[in-house]
Amino acid sequence: MKIVDILTKKVNFERKKVFKIAFDTSSDCQCLYVKILTDEGIYGLGESTPFPLVTSETIDGAIAAIKFMKPSLVGADPTDIAKIHEIMDKTILNNTAAKAAIDIACYDITGKKAGLPVHKLIGAQSDRVQTDMTVGIDTVENMVADAVEQVNNGFRIIKIKCGIEPEKDIEVLKQIRQAVGSDIDLRIDANQGYDKPTALYVLNEISKYNVTEAEQPLPYWDLEGMAEVSALSPVPVMADESVHTPIQAEIACRKNACKIVNIKLMKCGGIYPALQIADIAKKYGKHCIVGCFYESKLAIAAAAAVVLAKDNIESADLDSFFCFANPEVGVCGGFEVERDVLTLSAKSGFGFDDYEF
Ligand code: MG
């Protein structure tokens, strides 16, 4: 099978409400869809949703990178995904969100060709993924109300954004724990917002409220600081912005910069490198979660397949599309949602509906 063309299309999504984290505020989302056409009539759909402050890419940059890679990819076999990554990596460095779109579309094609859903193709034993729901930074009152609303919507894992005002962060955790009771799993994400003493102070304080994970307490470049906090913190530390690619996973794990690695398709370049990161983390006895930026359901279906493929991937933070006011303008299919559980399609590939480009 050969790739004969690669099409791109920008799609705009509106958020139900403004979403604030330690270093960014977002009111709408733009995703880039990719359609790979082959000489056998099978096509694959992929998505690139870069986050400029993490992946160093923009939507227009991703379009340019895909256009730049296209002459090298046309004629290649989309089902030889190792080779597809070798071609991309020898054409342009980084640009991981652009590469993720190509990777996802190639897995879609490979699944269709094999007559298998992608999650089965990559080793999944199940088709159900539970996701958390994220509460963005707001007033204490609004964050507590948001957490309660999400628990009432059926979410059993709540991730709370923090990292700007340490004392307020502690108060938010205290009040949310009181409001949701002891059965709900609470996690935090400081998005690089603390320094080392502040991180240790906050993590010690919030450990009273049974917090299960503390994501990226320190700036992404401070692996030594992350290692010190991870060694001393009563709450397990997760690396997100510190780990994009398999090479960075190897370095961070070697330095013991975390106990958990947050894998994102847009940070690493797609499913193929995501599976490599899980294997590297396993070698060092570490767990993973699969997270997301502001992706639509297309990329979330691909990320959910990864969650099921490796036994050291323990949970999912795949909640982005729940926050869209108009998710139906994007690619549909891929999975069904019931409360906080995504059930992946049993159709071959990812089971997406066709989409007009
Ligand atoms: Mg994060």
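Residues numbered from 1 in each chain as written. Predicted model: local features only at pLDDT ≥ 70, side-chain atom pairs only at ≥ 80, totals over all residues. Heavy atoms only, no water.

### Observations concerning the pairing of strand S11 (residues 287-290)
Two strands pair when backbone bridges link them, and strand S10 (residues 260-263) and S11 are joined in this way by 4 bridges, in the parallel orientation. Bridging across to S11, Asn262 finds its partner in Ile289. Examined bridge by bridge, S11 and strand S12 (residues 313-316) share 3 bridges and lie parallel to one another. What sits directly across from Ile289, in S12, is Ser315. Between the parallel elements S11 and S12, the chain passes through helix H13 (residues 297-309) in a crossover that is right-handed. (Pairing = 2+ DSSP bridges. Helix = DSSP H or I, 4+ residues; strand = E, 2+ residues; numbered from the N terminus. Right-handed = clockwise from strand over helix to strand, strands pointing away.)

### Description of the side chain of Asp132
The residue Asp132 is located in the loop between strand S4 (128-130) and strand S5 (133-135) in this model. Despite its burial, Asp132 pairs with no opposite charge; the closest candidate is Arg187, at 4.7 Å N-O. (Buried < 20%, exposed > 50% of the residue type's maximum accessible area, 1.4 Å probe, protein only. Lys, Arg positive; Asp, Glu negative; His and termini not counted. Salt bridge = Lys/Arg side-chain N within 4 Å of Asp/Glu carboxyl O.)

### A look at the sheet that holds S5
Sheets are built from strands paired through backbone hydrogen bonds, the pairs being either parallel or antiparallel. Within the open sheet, the 8 strands sit side by side as S5-S6-S7-S8-S9-S10-S11-S12. Their pairing is parallel. Each edge of the open sheet carries a strand with a single partner, namely S5 and S12. Averaged over neighbouring strand pairs, the angle between their axes works out to 30° when direction is ignored. Taken together, the 5 bridges between strand S6 (residues 157-161) and strand S7 (residues 185-189) define a ladder with parallel strand orientation. Counterpart to Ile160 in the pairing with S7 is Ile188. (Axes fitted to C-alpha atoms, helices over the stretch in contact; angles between N-to-C directions.)

### Re the environment of Lys161
Structurally, the position occupied by Lys161 is in strand S6. Lys161 gets classed as buried once you look at its relative accessible area, which sits at 7%. Polar contacts involving the side chain of Lys161 include one to the side chain of Asp189, which spans 2.7 Å. At 2.8 Å, the side chain of Lys161 and the side chain of Asn191 are in polar contact. (Polar contact = N/O pair within 3.5 Å; in protein donor to acceptor, adjacent residues only side chain to side chain.)

### Considering the domain arrangement of the chain
Taken domain by domain, the chain comprises domain 1 (3-114) and domain 2 (120-344). Centre-to-centre separation of domain 1 and domain 2, based on C-alpha positions: 22 Å. Each partner contributes residues to the interface: domain 1 has 39 residues there, and domain 2 has 43 residues. In this assembly, domain 1 packs against domain 2 so that about 3,300 Å² is buried in total across both faces, 70% of it on carbon and sulfur atoms. Along the contact surface separating domain 1 from domain 2 lie 1 salt bridge. (Domains from an automatic or database assignment. Contact = heavy atoms within 4.5 Å. Buried area = accessible area lost by both parts, 1.4 Å probe.)

### Digging into the environment of Glu205
Tracing the sequence through the fold places Glu205 in helix H8 (residues 196-206). Distance from Glu205 to Leu173, taken between C-alpha atoms, is 9.5 Å for residues 32 residues apart in sequence. Polar contacts involving the side chain of Glu205 include one to the side chain of Lys208, which spans 2.7 Å.

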